[in-house]
Amino acid sequence: MTRQTEPMSEPVIENLRQRFADAVLATQATRDAVPTVWCRPGRIRELLRFLKTEVAQPFSMLYDLTAIDERWRTHRDGQPAAEFTVVYHLRSYERNADVRIKVPLSGEYPSMPSITGVWPSANWYEREVWDLFGITFEGHPHLRRILLPHTWQGHPLRKEHPARATEMGPFQLPEEKQIREEEALRFDPAAWGLSAEGHDTDLMFLNLGPQHPGTHGVFRIALLLDGEEIVQCVPEIGFHHRGAEKMAERQTWHTYIPYTDRIDYLGGVMNNLPYVLAVEKLAGIQVPDRAKVIRIMLVELFRIASHLVWYGTFVQDVGAMSPVFYMFNDRERIFDIITAITGGRMHPSWFRIGGVAQDLPQGWEQLVADFLRPMPDRLRSYDKAMMENSILKARTKGIGRMSLSQAIDWGVTGPNLRACGLAWDWRKKRPYSGYEQFDFEIPTAQCGDCYDRSLVRIEEIRQSLRIVAQCLKNMPAGPYKADHPLATPPRKERTLKDIETLINHFLGVTWGPVLPPGEASVGIEATKGNTSYYLISDGGIHSYRTRIRTPSFAHLQQLPELCRGLMVPDLLAIIGNLDYVMADVDR
Amino acid sequence: MNPIVKQLLIIVVVFAGAMSASAGLIWLERRLLSLWQDRYGPNRVGPFGLMQVVADMIKIFFKEDWIPPFADRVVFVVAPALLVVSVLMSFAVLPVAPGIVVSDLNVGLLFFLGMSSLGVYGIALGGWASNNKYALLGAIRATAQMLSYEVFMGLALMGVVMLSGSFNLGRIVAAQEKMWFCVTQFPAMVVFLIAGFAETHRMPFDLPEAESELIAGFHTEYSGIKFGLFFVGEYLGVTLISAMIVTLFFGGWHGPLLPPVVWFLGKTFVFICGFILLRASLPRPRYDQLMAFGWKVLLPVALLNLLVTGAVVLARG
């Protein structure tokens, strides 16, 4: 058992206690050591505004906003009474620290003030909480469903909402229901907050997606156009929603790992990492060095693979048809390594609680070395063909520009944030899984436009190659999995020799590990930005609540800001350049 | 040989040649692209995948002849034919070798320019009749692009006309016996080449189609043989522009040793491959950038070329 870190001494908590003595209800110890403060719902707007603007070294980014249905939870020692809790996760880049604000709510369908006036990025997050929990945010400009269809009954992340098909009765689609559903899909500009009135020229609505070659997945954008110029743009998401967070509540800690692979489906084991790190933090497992370095090597290989897909598809969106084939060939070489090591390709689900599934196979060094050798030359030739091309420069320079303050305000992370000039990389600033041992740079750029974002990503491929080369050179010997009772799958060596071990093994395999109650949010520098898994254990074999904070969600929300006044081809260039994956947005 | 029979024979040969060139181009383009893109391309049907063309034809002919219920039926059907016919007409004035030309028109060059202007109707009407916003956007782009680039194309050719003193394509070729116009009319050749790409709306000037932006642009709603006609029209256009570049700037059938027809076809083939190579290698400019480039760069260059050529012609008396 690890101790729950008591955050009483944190200066931010002292600040809040002084300024909001009546509003601060309690503080809470969590396993991730993020200072956690409970606040009265009535004062939340004021308190958050204080943290964002008034406090020294402000918490300028709303990193995450989510909710917890507390009604079935048994282990809530010392926490204020609540039926629902809304959780705000803020980040300060000046302090390099986070703070978590929790708001207790009571009632069957509670309501609380919206904070969209404080952070514009709260808009989609609050819609999501309303959609999935039925919590109303007063003062929200456009509170309607975001992930689920508008005809959906109920709010699925509430505990009483069924999670299995067998609990819901057979699915039927009679004709009148089909007509009703189709009718609900009819485009009504007013419902989207669009209006063609009040302009000098005749404007046109254009529906882009969800089936469109340029949107990279099932993503729909309603455009209000003046000729080809974009007057307004409203993104609609949710077509790729699969209820990943709900599924976590009925899978064991171990069997949920394959679901994480499919969140950012280009990231492969990159998605496993924050999840297993969070579980390990809850369970207090120390991962052996070899496992750490194996994880880093695979994760960086997947970062390269994901960036290569981005590179190819982005230049294809700008019209260059050939590079995508070169980059997919390179990616295929990465998959050769991945297949040799894990047996899988895009979704190996290969990380385990406490380590990885297997040791590295014989001869892996040669495979990795063969991949690394030609890559710098190839990258150079791609740059020559594309990044130095004047047409591509004309299409991307100054397009989709965001300032640093705008990016932070909208919760933009990862390469997109670094392209605005902030050298903040989770691997460097808060090293996890042993990244502090590695030698690499944080690439940045200044303008925050499409071209700069591209430069940052391409340089990141080179840095990742450096990291993989260091893994190759310095792979430590030792076990590939922690020797810990909660690590999965459990040890088998002595199962047939004594009955205690057999029983433990049997339970560990059939039920899965039982994690001690607690909360932990662990984030990483994923392929597209910062991904966090916020896990709440109620002392069972399932997670009580799994919150997946994905970078793509925040990036897409900002799209209307980026493309206002530009043209349709620019919009497609920006979409291709932001590097999102719809599964990562909708979960 | 009876002159009528001979003329009929030439018509049949040129027509069949143009059609089979455009069909063969489907295969050639796919194989060349795949060569440059590190992949195989169609290599299964027949030797080197050559029968792929036949397979594609069979597929496209037997597809359901579908007209969207919201489309303007008559215009929708006529548009693709209009495109193909207008391109095919231009082949009539193309001198393949001395004496081998369907119609030895005095104003052959003007006829070619006129016909390529007509081609835009096929696209504009097709996009309009589809009654689809993407098709409409594509058609608008196509119209603006083709109308503007027509201007530079025509202007660029006037230098050639001045030097050869004729609008007759046969005479223009004959005038290049000693010196190809690609040397004396270098700026005009560059302008014509670029305008030619824009006229055929091929990559990098495929804005009317712009797959990643407008789905398929003006032919979004087309399928089956009507789509096939747009396709054939595009390849005919590529063949035509390549043949015109050869005729106007690269000495047409002129060349040592080999017979004139071989020289003409060989040169045309090289330019066709150039079209395909360019498609494989360049990204697509934005619509307004394309227009700005035309009016701010190509137009002054073409005019300057005209001025200098005129002065030189005058000075030489």
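Residues numbered from 1 in each chain as written. Chains lettered and ligands numbered in written order. Predicted model: local features only at pLDDT ≥ 70, side-chain atom pairs only at ≥ 80, totals over all residues.

Chemist: It is not clear to me how the confidence of the model for chain B should be interpreted in this structure. Could you clarify?
Modeler: Atomic detail in the predicted coordinates should be set aside for any region of low pLDDT. Residue and element names in this part refer to chain B. Taken over all residues, the pLDDT of chain B has a mean of 85, while the share at 70 or more is 100%. When the elements of chain B are averaged for pLDDT, helix α9 (residues 211-214) gives the smallest value, 74, and helix α3 (residues 73-90) the largest, 89. The ipTM, which scores confidence in the relative placement of chains, is 0.86 for this predicted complex, and the corresponding pTM is 0.89. (pLDDT = per-residue confidence, 0-100. Helix = DSSP H or I, 4+ residues; strand = E, 2+ residues; numbered from the N terminus.)

Chemist: Please explain unusual backbone geometry as it appears in this structure.
Modeler: Most peptide bonds are trans, and most residues other than glycine sit at a negative phi. We note that D579 of chain A has phi near 60°; this positive angle belongs to a residue other than glycine. Along the chain, the position of D579 of chain A falls in the loop between α20 (568-578) and α21 (582-586). Owing to 28 C-beta atoms within 10 Å, D579 of chain A belongs among the buried residues under this scheme. Look at F48 of chain B: it is not a glycine, yet its phi comes out positive at around 55°. Secondary-structure assignment places F48 of chain B in the loop between α1 (3-36) and α2 (52-61). Classification of F48 of chain B as partly exposed rests on a count of 13 C-beta atoms within 10 Å. (Buried ≥ 20, exposed ≤ 12 C-beta atoms within 10 Å, placed from the backbone.)

Chemist: Help me out: how do you make sense of the domain arrangement of chain A in this one?
Modeler: Often, the extent of an interface is quoted as the loss of accessible area on bringing the components together. Residues and elements named next belong to chain A. What the domain assignment lists for chain A is domain 1 (11-138) and domain 2 (244-586). Listed by partner, the interface residues are 22 residues for domain 1 and 27 residues for domain 2. Those elements giving two or more residues to the side of domain 1 that touches domain 2 turn out to be β3 (61-69) and α3 (122-133). Tallying contributions element by element places β3 first for the side of domain 1 that touches domain 2, with six residues. Counted by class, the side of domain 1 that touches domain 2 contains nine nonpolar, nine polar and four charged residues. (Domains from an automatic or database assignment. Contact = placed C-beta atoms within 7 Å. Nonpolar A, V, L, I, M, F, W, Y, C, P; charged D, E, K, R; others polar.)

Chemist: Is there a simple way to think about the packing of α1 of chain B against helix α10 (residues 224-249) of chain B in this case?
Modeler: Each pair of packed helices can be summarised by the angle the axes make with each other and by the distance between the axes. Residue and element names in this part refer to chain B. At a minimum axis separation of 9 Å, α1 and α10 run at an interaxial angle of 105°. If you check the angle between α1 and α10, you find them roughly perpendicular. Contact residues: α1 offers A18, A21, S22, L25 and I26, while α10 offers V232, Y235, L236, V238 and T239. Of the residues in the contact of α1 with α10, the class split is eight nonpolar, two polar and no charged. (Axes fitted to C-alpha atoms, helices over the stretch in contact; angles between N-to-C directions. Parallel < 35°, antiparallel > 145°, perpendicular 65-115°, else oblique.)

Chemist: Help me understand the sheet that holds β3 of chain A, please; the structure alone is not making it clear to me.
Modeler: Either a parallel or an antiparallel arrangement is found when strands of a sheet pair, and the pairing is made through backbone hydrogen bonds. All names here are of chain A. With respect to topology, five strands assemble into an open sheet ordered β1-β2-β5-β4-β3, the strand pairing being mixed. Looking along the sheet, the strands with just one partner apiece sit at the ends: β1 (24-28) and β3. Going from strand to strand, the sheet's axes swing by 25° on average, the running direction of each strand aside. Looking at chain direction, strand β2 (residues 36-39) and strand β5 (residues 97-105) are connected through three bridges and run parallel. Residue pairing across strands places V37 opposite I101, the latter belonging to β5. Helix α1 (residues 11-19) rests against β1, β2 and β5 of the sheet, and its axis sits at about 165° to β1. Along the sheet, α3 makes contact with β3 and β4 (84-92), crossing β3 at roughly 10°. (Pairing = 2+ DSSP bridges.)

Chemist: Would you take a moment to explain the packing of helix α9 (residues 323-342) of chain A against helix α10 (residues 364-372) of chain A for this structure?
Modeler: All names here are of chain A. Remark: α9 packs on α10, axes separated minimally by 10 Å, with the N-to-C direction vectors making an angle of 170°. Judged by the inter-axis angle, α9 sits roughly antiparallel to α10. Across from R333, I334, D336, I337, A340 and I341 in α9, the residues of α10 making contact are W364, L367, V368 and F371. Class assignment of the residues belonging to the contact of α9 with α10 gives a composition of eight nonpolar, no polar and two charged.

Chemist: When you look at the nonpolar core in this model, what are you seeing that I'm missing?
Modeler: Within soluble globular proteins, side chains that are nonpolar generally end up buried alongside one another. Grouped together as the largest cluster of nonpolar side chains are 165 residues, with contacts concentrated most on V279 and L301 of chain A. Looking at which element gives the most residues to this core, the answer is helix α8 (residues 289-317) of chain A, with 17 residues. Looking at this core, you find at least three residues from each of domain 1 (11-138) and domain 2 (244-586) of chain A. Once residues within four sequence positions are removed from consideration, V279 of chain A is found in contact with W253, I353, L515 and L535 of chain A. If you look at the next biggest cluster of nonpolar residues, it comprises 87 residues, including V93, A129, I194 and V238 of chain B. (Core = buried A, V, L, I, M, F, W, Y, C linked by C-beta atoms within 7 Å.)

Chemist: Would you mind showing me how to read the sheet that holds strand β9 (residues 220-226) of chain A here?
Modeler: Residue and element names in this part refer to chain A. The antiparallel open sheet is built from three strands, whose spatial order is β8-β9-β10. Among the strands making up the open sheet, the edge pair consists of β8 (204-208) and β10 (229-236). Averaged over all pairs of adjacent strands, the angle between strand axes in this sheet comes to 20°, irrespective of strand direction. With seven bridges joining them, β9 and β10 adopt antiparallel strand pairing.

Chemist: Looking at this model, I keep getting lost on the interface of chain B and chain A. Mind explaining?
Modeler: With 22 residues of chain B at the contact, the number on the chain A side is 26 residues. Secondary-structure elements contributing two or more residues to the side of chain B that touches chain A are α5 (133-164), α9, α11 (260-281) and α12 (287-316) of chain B. Tallied by class, residues from the side of chain B that touches chain A come to ten nonpolar, four polar and eight charged.

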